[in-house]
Amino acid sequence: MNFLPSFRAWVSAFLLLAASGAPLAHAQANASLEHVLDEMDAAEKKFGTTQASFVWDQYTSVVKDTVTEKGKIYFRRVGSETQMAVEVLDPPKYVLLTGGKLQLYIPKSDQVMVYNLQNNRGEFESFLQLGFGGGGHALLKSFDVEFGGGETIDGVETSKLNLVPKNPKALDMFPHIVLWIDPAHGIAVRQQLFQKSGDYRLAIYSDIRLNEKIPEAVFKLKTNSKTTFQTVSPRD
């Protein structure tokens, strides 16, 4: 089961490389990029929680097929840790990321798959927080970032950022990522992650709410006495 790369594609995250040959345009792009990164940095300082509805489209190029999933996603900061909860509606499944562990609960099989991410936590969180409270200039540590111009999405004027991972493993997995940032709030309203195969996952977020209290129950799996737990390696 190669669940971890698939999960990274969910979240977060993200493309059309936009490079300009004119020095003036390049200077303008740099100034625009700095502005967007500054807005994201400002949002990070105020970040406490984020919750949103999502539509995830997974496109498989070989069969030219798109699978769509809908649900809710939640983020919160607890100390230095960013925690995440995901509820996929149909078929139902739940994902919880807390304490360096990722847990995937499938109610139909009443089983929880537990992935220990301690050895990969930094790499994983660099994908997890793409456009969701991870800051702007922090992206430059893990990605080559270019400004891709402005684009209106559902009435929101967004700034498009093109990302290329610096980590060879991440680059092999997702050679190109795009974020559409709402500069007014410093967060992503859309993400797209492309793979070398031509597959991609497009994430569209709506009803985004910032720094509202999220019930504690959201960050707990609704298991029962018969639920089984299986601990697996992220590489399985």
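In this text the structure is predicted, and so the values were computed from the model without any measurement.

Right, let's talk about the overall build of the protein chain for a bit. A count of helical and extended segments in the protein chain gives 5 helices and 12 strands. For the protein chain, with 236 residues in total, the buried portion stands at 48%. Counting every atom, the protein chain has about 11,600 Å² of accessible surface; 53% of that belongs to carbon and sulfur.

What the rule picks out here adds up to 4 aromatic pairs. Seen from their ring centres, Phe 54 and Trp 56 are 3.7 Å apart, and the 15 degrees between their planes marks the pair as stacked. Each member of the pair Phe 54 and Trp 56 is classed as buried. Considering the side-chain rings of Tyr 94 and Tyr 105, the 6.2 Å spacing of their centres and the 25 degrees angle between planes classify their relative orientation as stacked. With Tyr 94 in strand β4 (residues 93-98) and Tyr 105 in strand β5 (residues 101-106), this residue pair connects regions lying 11 residues apart in the sequence. Using a relative accessible area of 22% as the deciding quantity, one classes Tyr 94 as partly exposed. Over the aromatic face of Trp 180 sits the side chain of Arg 190, whose NZ or CZ is 5.9 Å from the ring centroid.

All right, on to the environment of Leu 97 then. Along the chain, Leu 97 falls in strand β4. The sequence separation of Leu 97 and Thr 82 amounts to 15 residues, and the corresponding C-alpha distance is 8.5 Å.

Position of Thr 49 relative to the elements: it lies in strand β1 (residues 49-60). On the basis of relative accessible area, Thr 49 is assigned to the buried category, the value being 14%. A polar contact is formed between the side chain of Thr 49 and the backbone oxygen of Glu 212, at a distance of 2.7 Å. Aside from chain neighbours lying at most four places away, what touches Thr 49 is Phe 75, Arg 76, Arg 209, Leu 210, Asn 211, Glu 212 and Ile 214.

Moving on: the nonpolar core. Core analysis: the largest hydrophobic core is formed by 20 residues, its most contacted members being Phe 54, Trp 56, Ile 73, Met 84, Val 86 and Tyr 205. Where this core is concerned, the elements lending two or more residues are β1, β2 (65-78), β3 (81-88), β4, β5, β6 (111-116) and β11 (200-210).

Pairing of β4 with β5, which is carried by 5 bridges, proceeds in the antiparallel orientation. In the sheet register, Leu 97 faces β5, and the bridge partner there is Leu 102. Between β4 and β5, which pair antiparallel one after the other, the connecting turn spans 2 residues, and Gly 99 there sits at a positive phi close to 60 degrees. Examined bridge by bridge, β5 and β6 share 6 bridges and lie antiparallel to one another. The residue of β6 that forms the bridge with Ile 106 is Gln 111.

All right, on to unusual backbone geometry then. With omega at -5 degrees, the peptide bond leading from Asp 90 into Pro 91 counts as cis. Here Pro 91 shows up in the loop between β3 and β4. Residue Asp 207 is not a glycine yet carries a positive backbone phi of 50 degrees. Examined against the element boundaries, Asp 207 turns out to sit in strand β11. Given the relative accessible area of 47%, Asp 207 is considered partly exposed. Positioned with a positive phi, Asn 211 is a non-glycine residue whose angle comes to about 55 degrees. In this fold, Asn 211 is placed in the loop between β11 and β12 (228-232).

What follows concerns the confidence of the model for the protein chain. Averaged over all residues, the pLDDT of the protein chain is 81; the fraction at 70 or higher stands at 81%. Counted against residues more than four places away or in other chains, residues 1-28, with its pLDDT under 50, gives 88 contacts.

Attention now goes to the sheet that holds β5. Spatial strand order, β7-β8-β9-β10-β11-β1-β2-β3-β4-β5-β6-β12: 12 strands in an open sheet with mixed pairing. Two strands lie at the open edges of the sheet, namely β7 (143-153) and β12, each paired on one side alone. The mean inter-strand angle of the sheet, taken between neighbouring strand axes irrespective of direction, is 20 degrees. Bridge count between β1 and β11: 9 bridges; the pairing is antiparallel. The partner of Ser 53 across the bridge, within β11, is Ser 206.

What counts, and at which threshold
- Residues numbered from 1 in each chain as written.
- Predicted model: local features only at pLDDT ≥ 70, side-chain atom pairs only at ≥ 80, totals over all residues.
- Heavy atoms only, no water.
- Helix = DSSP H or I, 4+ residues; strand = E, 2+ residues; numbered from the N terminus.
- Buried < 20%, exposed > 50% of the residue type's maximum accessible area, 1.4 Å probe, protein only.
- Areas by Shrake-Rupley, 256 points an atom, 1.4 Å probe, with all protein chains shown as cover.
- Phe/Tyr/Trp six-rings, centres within 6.5 Å; stacked < 30°, edge-to-face > 60°.
- Lys NZ or Arg CZ within 6 Å of the ring centre and 35° of its normal.
- Polar contact = N/O pair within 3.5 Å; in protein donor to acceptor, adjacent residues only side chain to side chain.
- Contact = heavy atoms within 4.5 Å.
- Core = buried A, V, L, I, M, F, W, Y, C linked by side-chain atoms within 4.5 Å.
- Pairing = 2+ DSSP bridges.
- pLDDT = per-residue confidence, 0-100.
- Axes fitted to C-alpha atoms, helices over the stretch in contact; angles between N-to-C directions.

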